[in-house]
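# Architecture and fold: a report
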Amino acid sequence: MAMFKMNLVMLCLCLLAFSTVASVTYDRKAIIIDGQRRILLSGSIHYPRSTPEMWPSLIQMAKDGGLDVIQTYVFWNGHEPSQGQFYFEGRYDLVQFIKIVQQAGLYVHLRIGPYACAEWNFGGFPVWLKYVPGIEFRTQNGPFKAKMQAFTKRIVNMMKAENLFQPQGGPIILSQIENEYGPVEYEIGTPGKLYTIWAAKMAVGLNTSVPWVMCKQDDAPDPVINTCNAFYCEDFVPDEPYKPKMFTELWSGWYTQFGGAVPYRPVEDIAFAVATFIQNGGSFVNYYMYHGGTNFGTSSGRFVATSYDYDAPIDEYGLAREPKYTHLKYLHNAIKLCEPALVSADPVVTTLGSQQEVHVFKASTGVCAAFLANYDTKLTVSLTFGGAQYELPPWSISILPDCANEAFNTAKVITPSFHARMTPISYFSWQSYTDETPNADDDSAFSSIGLYEQLNVTRDTTDYLWYMTDVVIDSNEEFLQTGNYPVLTVMSAGHALNVFINGQPEGIVYGSLDNPKLTYSQQVKLWAGVNRISLLSVAVGLQNVGLHFETWNEGVLGPVTLSGLNQGTRDLTWQTWSYQIGMKGEKLGLDTLSGSYSVEWTGGGLLSQNQPLTWYKTTFDAPAGTDPLALDMNTMGKGQVWVNGQSIGRHWPAYTAPSGNCGQCSYTGWFNETKCLSNCGQASQRWYHIPTSWLQPSGNYLVVFEEWGGDPSGISLVARRV
């Protein structure tokens, strides 16, 4: 009998252990974690867009703000910059990032993709992938699928080896394959459909034991969950009735492009978008972005600014943006109070007026939650519900976790608005070195007939490619007597172009996000005899979105012509051109302290100012205190910045936003990325984040490469203070 009782106890213990094994599943209502339906609030924080030293604070702020989940892409080109050579250190230490999330007690949604978009260079694809023989991106293509599967499998196996999936005791509860592929599939038809089926089957076959999602994919193959990305998703319906309603990208603002105004989104409207989604049965909401961060180095997509602030609840520097951060925290608290009713019942919707309605969730257990909605964009209304009166401002929703007491209204903001100030700390004493227009005889130069596509030559190892050719002018040319110089016309696929004639700057032209292609067409001063035309083609990030964007070009593709000669027009396109990859200063490593000793610098009265192709260097001590730091670059033109050998990114304050269309912006009514704008008529980006972890107490080495010309005496170190 004693043995029987012991066996019975052991059996019960085993059954108890089995019943509490970690698991993640789903049904039509919600993601189910360890047997419990959950309303999950999530925020995107991309690990390479901040530093490892910032990660703990950012993640803790997300937790304190009421989030359950951190969502991030995996950035293939950061992890495999050269084929077969992998990197998972520093800002790309994915495992460490996930472990910090776990230590904070939060979950992870890992968007492996491996296509990201994300306004990231080449959409996250490594450039070498473009040159795999026979490849076509994101379609039913053998070479692409083989490389995609290999990388996806590597990431999954890495997570498994570290026990990071939730059934292993880790924080990863969701994974994503592909990204916003539905519109591409629609365009390319059957090959796209077959690729979707393959990608889903491949991902599920990796046996992660957590659900996979596909965003913007209305035909996501079972068991993959299709999800919504937009400013609003209240009307989204999953492709199958047994899948939960998920909002994987609620855009908390929008990205800044060089040459554009800075978008922002009122917090009242963000809260409204969350509440409308939840009241219509949604159970997972992710803010894209919760912390946007910085596009360090050359990681940004085409014409995307170095700042990826995104008007997120946590700003680029890691500070709370108020009232956005705290108002959303109060929203999250109210939603969590409703969770027992939300996961147990379907809403009963009652119309109370022409633009008002109530959504009531009442479970069999008696728990009740109500959402009172006023969709009118102008009028405050008084609604009667349950025998009580509720005042609802325009375009707002009140949340009643007990169907009686208002815990939150999306438009009633009680948190003060704090505007961070950029406070100058110090200026710098500079030295300069002017780079050279290269010579065709340089050892690193090479020549060919005709014009080369830029990326095919540089492989994105630098933004810069020189195109050089000679033009012989006969002494009897009429323009030599009249001074009516010929017109040089250069057609380029983008993105910016500096023109030099016989080593002297002649002009600059540049494109934009919407129109990257450009044409230079100006008179140029030529002399009798041999003239050297030098064209510096400059890339500003690679395309990150679009149908077969891997086929898009950059650089001078022609035609290149010289008109106004005695003979009329001379076509220069198919004559001999010489090429030089990168700037001389790059090759010498002038961005590093050791490399700086390879050239002679000048300072004081000999300092170059307002001259193109100029390098500037200085040293400075780190200021006291813990304030986030930045450089005010408003007196400079265009180029790049480094501190202690680390690339802060591209600067381009000379590219200003158009005047107008900025000013007061109402939170009411449907939002889009052009509705609410700031910085009209000003630099798209003036301040450039310097992570304090990149600094040492003294002797910090700061380098600026200026492509156009600027006044370095106006550059200052500033602190961001609230």
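Residues numbered from 1 in each chain as written. Predicted model: local features only at pLDDT ≥ 70, side-chain atom pairs only at ≥ 80, totals over all residues. Heavy atoms only, no water.

## A word on the sheet that holds strand β32 (residues 602-603)
Taken together, the six strands give an open sheet; going across it, the order is β32-β21-β33-β39-β35-β36, and neighbouring strands pair in antiparallel fashion. Edge positions in the open sheet fall to β32 and β36 (646-651), since each of these has one partner strand only. In this sheet, strand β39 (residues 700-706) lies alongside strand β35 (residues 639-643) in antiparallel orientation, the contact comprising five bridges. Note that in β39 the partner of Trp642 across the bridge is Val703. (Pairing = 2+ DSSP bridges. Helix = DSSP H or I, 4+ residues; strand = E, 2+ residues; numbered from the N terminus.)

## Quick look at the confidence of the model for the protein chain
Here the protein chain shows a mean pLDDT of 95. Residues at 70 or above account for 97%. Low pLDDT (under 50) marks residues 1-20, which in the prediction has zero contacts with non-local residues, meaning those over four places away or in another chain. (pLDDT = per-residue confidence, 0-100. Contact = heavy atoms within 4.5 Å.)

## Side note on the packing of aromatic side chains
One pass over the full model with this rule turns up 59 aromatic pairs. Where Phe125 meets Phe144, the ring centres are 5.7 Å apart and the plane angle is 85 degrees; that geometry is what we call edge-to-face. Of the two residues, Phe125 is situated in the loop between β6 (107-113) and α5 (142-161) and Phe144 in helix α5; the sequence distance between them amounts to 19 residues. On the accessibility criterion, Phe144 (0% relative accessible area) is buried. Measuring from centroid to centroid gives 5.6 Å for Trp615 and Trp642, while their planes differ by 20 degrees, and the two rings are stacked. (Phe/Tyr/Trp six-rings, centres within 6.5 Å; stacked < 30°, edge-to-face > 60°. Buried < 20%, exposed > 50% of the residue type's maximum accessible area, 1.4 Å probe, protein only.)

## So, the pattern of salt bridges
If you walk through the whole model with that rule in mind, you get 25 salt bridges. With its nearest N and O atoms 3.4 Å apart, the salt bridge here joins Glu436 to Lys584. Residue Glu436 is found in the loop between β21 (431-434) and β22 (446-449), and its partner Lys584 is found in helix α12 (residues 584-587); the two are separated by 148 residues along the sequence. Using a relative accessible area of 45% as the deciding quantity, one classes Glu436 as partly exposed. Members of the salt-bridge network, linked through shared partners, are Arg38, Asp68, Lys336 and Glu339. (Salt bridge = Lys/Arg side-chain N within 4 Å of Asp/Glu carboxyl O.)

## A short note on the state of the cysteines
Applying the stated criterion to the full structure yields four disulfides. The disulfide partner of Cys368 is Cys403, and the gap between their sulfur atoms is 1.8 Å. Disulfide Cys368-Cys403: the torsion about the S-S bond is -75 degrees, which places it as left-handed. Pair noted here: Cys368 is in strand β15 (residues 368-374) and Cys403 is in the loop between β18 (396-400) and β19 (408-409), with a separation of 35 residues, a long-range link. Sulfur-sulfur distance for the disulfide between Cys665 and Cys676 comes to 1.7 Å. Of this pair, Cys665 sits in the loop between β36 and β37 (677-678) while Cys676 is found in the loop between β36 and β37, placing the two residues eleven residues apart along the sequence. (Disulfide = S-S within 2.5 Å.)

## Some points on unusual backbone geometry
The step from Gly113 to Pro114 runs through a cis peptide bond, and the omega angle for that step is 0 degrees. Secondary-structure assignment places Pro114 in the loop between β6 and α5. A positive phi angle is found at Phe122, which is not glycine, with a value near 60 degrees. Structurally, the position occupied by Phe122 is in the loop between β6 and α5. Here the phi dihedral of Cys403 falls at roughly 65 degrees; this positive angle occurs in a residue that is not glycine. Given a relative accessible area of 14%, Cys403 falls into the buried group.

## Digging into the packing of α5 against helix α7 (residues 190-204)
Taken N-terminus to C-terminus, the directions of α5 and α7 make an angle of 25 degrees; their axes are 11 Å apart at the nearest point. By the angle between their axes, α5 is roughly parallel relative to α7. The interaxial crossing formed by α5 with α7 has right-handed handedness. In contact with Phe144, Lys145, Met148, Gln149 and Thr152 of α5, α7 contributes Tyr195, Trp198, Ala199 and Met202. Within the contact of α5 with α7, the residues separate by chemical class into six nonpolar, two polar and one charged. (Axes fitted to C-alpha atoms, helices over the stretch in contact; angles between N-to-C directions. Parallel < 35°, antiparallel > 145°, perpendicular 65-115°, else oblique. Left-handed = near helix turned anticlockwise from the far one by under 90°. Nonpolar A, V, L, I, M, F, W, Y, C, P; charged D, E, K, R; others polar.)

## Considerations on helix α8 (residues 267-279)
Look at α8: 18 Å from first C-alpha to last across 13 residues, which is about the 18 Å you get at 1.5 Å a residue. Most of α8 sits out of view: 13 of its 13 residues are buried. Gly281 lies just past α8 and shows a positive phi near 95 degrees. (Expected span 1.5 Å × (residues − 1).)

## Thoughts on the side chain of Thr489
Of note, Thr489 is situated in strand β24 (residues 487-492). Within the local environment of Thr489, its side chain forms a polar contact with the side chain of Ser521, the two groups lying 3.0 Å apart. In this view, Thr489 contacts Thr519, Tyr520, Ser521, Pro559, Val560 and Thr561; residues no more than four positions away in its chain are not counted. (Polar contact = N/O pair within 3.5 Å; in protein donor to acceptor, adjacent residues only side chain to side chain.)

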